[in-house]
Amino acid sequence: NESMFAVHTIYDPLFGQLVRREFFQRLAPAYGDALTPVVLAGMQTHFHATKDAIADIYYHCLANDHKHSGYNRRWMHAWIEKWLPSTLAAMAEFMSVYATLPKREGFTDNASITASVNRVVEDWIADYADKIDYKVDQSKMVDTILAGLK
């Protein structure tokens, strides 16, 4: 349960979405690549199907179980505490990729990168953390990730 939870509710919705959606899918067309967004569209479809299945298992069944929800939520919180720091560190490391690209307004400038990271973190909080009452500081998460910008 822990590894499935970590991959599908922490790593992929944060790191995966940053790389797939906010980096490759947004930037590829800006650099003349029309194929990458097509390939990634299929991956995004899979991501959303998996997200729905994971929500059924962890959030609708386990987190809201009338008898064991408190116990189940404590485990989910513990797993987030265990896996979130390494995921944020991976995201911060990925930020260095932006330094290899020329600055383009609306794509690779600091404001656009910050907006991308905020979208990913905001989605994660709404789609995962809030559903099990896991409290997190969005701006602290964003700052941790953006610390990797060089």
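The helix and strand inventory of the protein chain stands at 5 helices and 0 strands. Listed N to C, the secondary structure of the protein chain is α-α-α-α-α in terms of helices and strands. Compactness check: the protein chain gives a C-alpha radius of gyration of 16 Å against a globular reference of 15 Å for 150 residues, within 12% of the reference. Counting the 150 residues in the protein chain, one finds 41% classified as buried. Considering only contacts in the protein chain between residues 6 or more positions apart, those separated by 24 or more positions represent 73%.

Its identity is not glycine, yet Asp 133 carries a phi of approximately 55°, on the positive side. Within the fold, Asp 133 resides in the loop between α4 (110-129) and α5 (138-146).

All right, on to the environment of Gly 16 then. With respect to the element layout, Gly 16 can be found in helix α1 (residues 2-30). Residue Gly 16 is classed as buried on the basis of its relative accessible area, which comes to 8%. For Gly 16 and Ala 6, which are 10 residues apart along the polypeptide, the C-alpha to C-alpha distance reads 12 Å.

Here we come to the nonpolar core. If you look at soluble globular proteins, the nonpolar side chains tend to sit buried side by side. Of all hydrophobic cores here, the largest spans 37 residues; its most connected members are Phe 5, Leu 14, Leu 84 and Trp 124. Counting only elements with at least two residues in this core, the list comes to α1, α2 (35-62), α3 (69-94), α4 and α5. Excluding residues that lie within four positions of it along the chain, Phe 5 makes contacts with Ile 10, Tyr 58, Tyr 59, Met 76, Trp 79, Ile 80 and Ile 132.

On the surface, a cluster of nonpolar side chains totalling about 400 Å² of accessible area is made up of Leu 35, Val 38, Val 39 and Met 43. Along the chain, Met 43 falls in helix α2.

Our next topic: the pattern of salt bridges. Should their charged atoms come close, side chains of opposite charge can pair. Applying the stated criterion across every chain, the model contains 7 salt bridges. In this structure, a network of salt bridges that share partners links the residues Arg 21, Glu 22, Arg 119 and Asp 123.

Interhelical geometry of α1 versus α2 gives an angle of 155° and a closest axis separation of 10 Å. As far as their axial angle goes, α2 and α1 are roughly antiparallel. Handedness of the crossing formed by α1 with α2: left-handed. Here the residues of the contact of α1 with α2 are counted per class, giving 15 nonpolar, 7 polar and 3 charged.

With respect to the secondary-structure elements, Thr 87 resides in helix α3. We classify Thr 87 as buried; its relative accessible area is 3%. Each residue touching Thr 87, except ones within four places of it in the same chain, is listed here: Ile 10, Tyr 11, Leu 14 and Phe 15.

So, on to the packing of aromatic side chains. Applying the stated criterion across every chain yields a total of 10 aromatic pairs. Relative to Trp 79, the ring of Phe 5 has its centre 5.4 Å away and its plane inclined at 50°; by these criteria the two rings are tilted. On the criterion of sequence distance, the pair formed by Phe 5 in helix α1 and Trp 79 in helix α3 is long-range, its members being 74 residues apart. The exposure class of Phe 5 is buried, given its relative accessible area of 0%. Residues Phe 15 and Phe 94 carry aromatic rings whose centres are separated by 6.0 Å and whose planes lie at 80° to one another, so their mutual orientation is edge-to-face. One end of the pair, Phe 15, is in helix α1; the other, Phe 94, is in helix α3, with 79 residues separating them in the sequence.

The rules behind these values
Residues numbered from 1 in each chain as written. Predicted model: local features only at pLDDT ≥ 70, side-chain atom pairs only at ≥ 80, totals over all residues. Heavy atoms only, no water. Helix = DSSP H or I, 4+ residues; strand = E, 2+ residues; numbered from the N terminus. Rg over C-alpha atoms; globule rule 2.2 N^0.38 Å. Buried < 20%, exposed > 50% of the residue type's maximum accessible area, 1.4 Å probe, protein only. Contact = heavy atoms within 4.5 Å. Core = buried A, V, L, I, M, F, W, Y, C linked by side-chain atoms within 4.5 Å. Patch = residues over 30% accessible without salt bridge, like charges linked within 9 Å, V, L, I, M, F, W, Y side chains within 5 Å. Areas by Shrake-Rupley, 256 points an atom, 1.4 Å probe, with all protein chains shown as cover. Salt bridge = Lys/Arg side-chain N within 4 Å of Asp/Glu carboxyl O. Axes fitted to C-alpha atoms, helices over the stretch in contact; angles between N-to-C directions. Parallel < 35°, antiparallel > 145°, perpendicular 65-115°, else oblique. Left-handed = near helix turned anticlockwise from the far one by under 90°. Nonpolar A, V, L, I, M, F, W, Y, C, P; charged D, E, K, R; others polar. Phe/Tyr/Trp six-rings, centres within 6.5 Å; stacked < 30°, edge-to-face > 60°.

In short, geometric facts, not functional conclusions.
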